[in-house]
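Listed below are the residues making up each chain.
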Amino acid sequence: MNKIPRGTLQEQTFYEQVGGEETFRRLVHRFYQGVAEDPLLRPMYPEEDLGPAEERLALFLMQYWGGPRTYSDGRGHPRLRMRHAPFTVDRAAHDAWVRHMRDAVDSLGLPEEHETQLWNYLTYAAASMINAAD
Ligand code: HEM
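In short, a report on the structure. Here the residue numbering is sequential within each chain, running from 1 through the sequence in written order. Side-chain atom pairs in this predicted model are given and counted only at pLDDT of 80 or more, local residue features only at pLDDT of at least 70, and totals for whole chains, interfaces and linings cover all residues.

**Re the nonpolar core**
Note on definitions: a nonpolar core is a set of buried residues drawn from Ala, Val, Leu, Ile, Met, Phe, Trp, Tyr and Cys, linked by C-beta atoms within 7 Å. Here a residue counts as buried when 20 or more other C-beta atoms fall within 10 Å of its C-beta, as exposed when 12 or fewer do, and as partly exposed in between; the C-beta atoms come from the backbone. Core analysis: the biggest nonpolar cluster contains 15 residues, and F24, L27, V28, F31, A58, L61 and M62 have the highest contact counts within it. Numbered from the N terminus, helices here are DSSP runs of H or I no shorter than four residues, and strands are runs of E no shorter than two. Put simply, the parts of the chain that give this core at least two residues each are α3 (21-36), α4 (51-64) and α7 (91-108). At 6 residues, α3 tops the list of elements feeding residues into this core.

In structure tokens form, the structure reads like this:
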């Protein structure tokens, strides 16, 4: 009995619970594979190489879920709505983003509870990023 020290389970961050850095790297890598093939989203990314964008999103999500704060060490406060202001995020861009993210989340095969938690956040955040009418 009581082999698990009190508090251990609750103190694990979501980041740790879902498998840490490797999980977030897999998620974002799969997502950007979709973006790379997307005729609407791909032209929105200013850099020819999607690698740096992949790195930023991975580090942001790791930090958001309780992992290392590397994102803010390099980029400062996320201010995500402000950082998206230069881009036209309308309903179509939102829908494409969410579609690729759904595919990426599915590819992780997370337990349902974690998957739902991650998905609810991502869709909430995506809706809040819309800054243009269709
Ligand atoms: C709703 C549709 C969205 C579109 C079309 C979109 C598009 C973009 C584009 C074109 C960039 C610039 C490339 C770059 O500098 O990395 C970017 C950056 C970024 N996006 Fe999004 N995005 C969307 C939603 C989101 C959401 C929901 C999140 C977070 C959950 C997010 C997180 C980020 C981050 C962290 C960056 C890099 C910010 C930086 O440090 O400069 N994006 N996004």
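**Concerning the site of the ligand**
Residues are counted as near a molecule or strand when the C-beta atom, derived from backbone positions, lies within 6 Å of that molecule or strand. Within the structure, the ligand sits among 20 residues, and A53, R56, F60, W97 and A125 are positioned closest to it. For the shell around the ligand, the secondary-structure elements that each account for two or more residues are α4, α6 (80-84), α7 and α8 (112-128). Here the shell around the ligand takes 4 residues from α4, the largest share from any one element. Residue composition of the shell around the ligand, grouped by class: 15 nonpolar, 2 polar and 3 charged. The nonpolar class holds Ala, Val, Leu, Ile, Met, Phe, Trp, Tyr, Cys and Pro. Asp, Glu, Lys and Arg form the charged class, and all remaining residues, Gly among them, are polar.

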